Amino acid sequence: MAIGSPAATLDELVDEPARARWRGAVIDFCRQRPLGAVGAAIVLANLVVALGVRGLAPYDPLATDYGAMLGPPSAAHWLGTDAFGRDVLTRIVYGSRTAMLVGFGCAALGATLGAVIGVTSAYFGGKVDLAVQRVMDIFLAFPLIILALAVVSILGNGIANVIVAIAIPMIPRAGLVTRSTALAIREMPYVDAARAAGFHHHRIILRHMLPNVMAPFLIMLTAFLGQAILLEASLSFLGLGVAEPTPAWGLMLRGAAVQFAETAPWLALFPGLAISLAVFGFNLFGDSLRDALDPRLRTL
């Protein structure tokens, strides 16, 4: 026991500077970019709600109460009830889990595949780069929502299919951004040294080039999060996203927007506010993170 104590103390001393740097970076980010800090707080709140959904929701999201249909906000149901007597607050809380799952799944899948394709295209160059970029141009010719609608209509409803359908239009956008950075990295001396050492192409791409495009990758990742949440809500509103009875913000708007706009306006108001707040928070945080990681703005 006595022998292990100095080692543990040494590890703590080694980790302390790293923790201090992270703490200082977070404090500087909040001080220099207060709007980004607000966005980060909104993102963190959404994550906390999504992860602790069972402890925060007052009711079962699938439980129906036909005696309390279209009930206005009250002490028993803070945000009212829907046409099936389900608690709106509970549905919104559980809908945050769906939104975060789809948002992070789409952003991670689209940004990662796009980064790998963009770096690979820049590394090989020539005809390979030309062919890949022409394929990317074809996908970029379609708006995000149109391409997502086409893919989800082929694959069908469901969370997994929605994630794939939204991630596919994001791949070429991430690929173009990372390719522009990888073109400069390809000419670096350490890449030439790796080629001279006889390393395989995949090792050079994954271990020497891909880690050096993390700044644009993180920017695209945060930018895609808000877009993915908005696209998921749009697809669910059109009936091509998440299917009933899964709690989802867009799905809650589908029946409430027109049918109960006058008699029960809270059915559309609160899910719409949840979507707007989540997208607003991710966009604020993404813009501030882009400014923080841009060396030109950091120098200024």
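Residues numbered from 1 in each chain as written. Predicted model: local features only at pLDDT ≥ 70, side-chain atom pairs only at ≥ 80, totals over all residues. Heavy atoms only, no water.

Caption draft 1: Representation of the overall build of the protein in the model. When you go through the protein residue by residue, the secondary structure sums to 13 helices and zero strands. Tracing the protein from N to C terminus, the helices and strands come up as α-α-α-α-α-α-α-α-α-α-α-α-α. With respect to the three principal axes, the spread of C-alpha positions in the protein is 75 × 60 × 45 Å. When the 300 residues of the protein are sorted by exposure, 39% land in the buried category. By sequence separation, contacts in the protein at least 24 residues apart represent 71% of the contacts at least 6 residues apart. For the protein, the computed accessible surface area is about 15,900 Å², with 70% contributed by carbon and sulfur atoms. Of the charged side chains in the protein, 21 are positive and 19 negative, and the gap between their average positions amounts to 9 Å. (Helix = DSSP H or I, 4+ residues; strand = E, 2+ residues; numbered from the N terminus. Buried < 20%, exposed > 50% of the residue type's maximum accessible area, 1.4 Å probe, protein only. Contact = heavy atoms within 4.5 Å. Areas by Shrake-Rupley, 256 points an atom, 1.4 Å probe, with all protein chains shown as cover. Lys, Arg positive; Asp, Glu negative; His and termini not counted. Charge placed at Lys NZ, Arg CZ, Asp CG, Glu CD.)

Caption draft 2: The arrangement of helix α7 (residues 159-185) in detail. With 27 residues, α7 should reach 39 Å at 1.5 Å per residue; the first-to-last C-alpha distance of 37 Å fits that figure. At Met-170, α7 shows its largest bend, some 30 degrees, and a proline, Pro-172, comes one to four positions later. (Expected span 1.5 Å × (residues − 1). Bend = angle between axes of the 7 residues up to and from the residue.)

Caption draft 3: Structural detail: the pattern of salt bridges. The full count for this structure, using the stated rule, is six salt bridges. With a shortest N-O distance of 2.8 Å, Arg-179 and Asp-129 are connected by a salt bridge. Here Asp-129 lies in helix α5 (residues 126-140) and Arg-179 lies in helix α7, a separation of 50 residues in the sequence. Between Asp-137 and Arg-134 there is a salt bridge, and its shortest N-O distance comes to 2.7 Å. Note that Asp-137 and Arg-134 are positioned in helix α5 at a spacing of three residues, about one turn of the helix. (Salt bridge = Lys/Arg side-chain N within 4 Å of Asp/Glu carboxyl O.)

Caption draft 4: Examining unusual backbone geometry more closely. A positive phi angle is found at Leu-70, which is not glycine, with a value near 55 degrees. Tracing the backbone shows Leu-70 in the loop between α3 (53-56) and α4 (88-124). Assessed through its relative accessible area of 28%, Leu-70 is described here as partly exposed.

Caption draft 5: A look at the environment of Pro-211. The topology assignment puts Pro-211 in the loop between α9 (201-209) and α10 (214-237). The exposure class of Pro-211 is partly exposed, given its relative accessible area of 42%. Between the C-alpha atom of Pro-211 and that of Gly-226, which follows or precedes it by 15 residues, the distance is 24 Å.

Caption draft 6: Layout of the confidence of the model for the protein. Per-residue pLDDT for the protein averages 83, and the proportion of residues at 70 or more is 91%. Within the protein, the element-level pLDDT minimum falls on helix α13 (residues 295-299), averaging 54, and the maximum on α4, averaging 91. Counting interchain partners and residues more than four positions distant, the pLDDT-below-50 stretch residues 1-8 has zero contacts. (pLDDT = per-residue confidence, 0-100.)

Caption draft 7: The nonpolar core, seen in detail. Counting 55 residues, the largest nonpolar core has Ile-166, Met-209, Ile-229 and Trp-249 as its most contacted members. The dominant element in this core, judged by the number of residues it contributes, is α4, at 12 residues. Excluding residues that lie within four positions of it along the chain, Ile-166 makes contacts with Val-102, Cys-106, Ala-228, Leu-231, Glu-232 and Leu-235. (Core = buried A, V, L, I, M, F, W, Y, C linked by side-chain atoms within 4.5 Å.)

Caption draft 8: Main features of the packing of aromatic side chains. Counted under the stated rule, the structure contains two aromatic pairs. Aromatic side chains Phe-104 and Phe-282 sit 6.1 Å apart centroid to centroid with 75 degrees between the ring planes, which places their arrangement in the edge-to-face category. Of this pair, Phe-104 sits in helix α4 while Phe-282 sits in helix α12 (residues 266-293), placing them 178 residues apart in sequence. Taking the centre distance of 5.0 Å and the plane angle of 80 degrees together, the rings of Tyr-123 and Phe-124 count as edge-to-face. Taking NZ or CZ as reference, Arg-203 lies 4.3 Å from the ring centre of Phe-199, over its face. (Phe/Tyr/Trp six-rings, centres within 6.5 Å; stacked < 30°, edge-to-face > 60°. Lys NZ or Arg CZ within 6 Å of the ring centre and 35° of its normal.)

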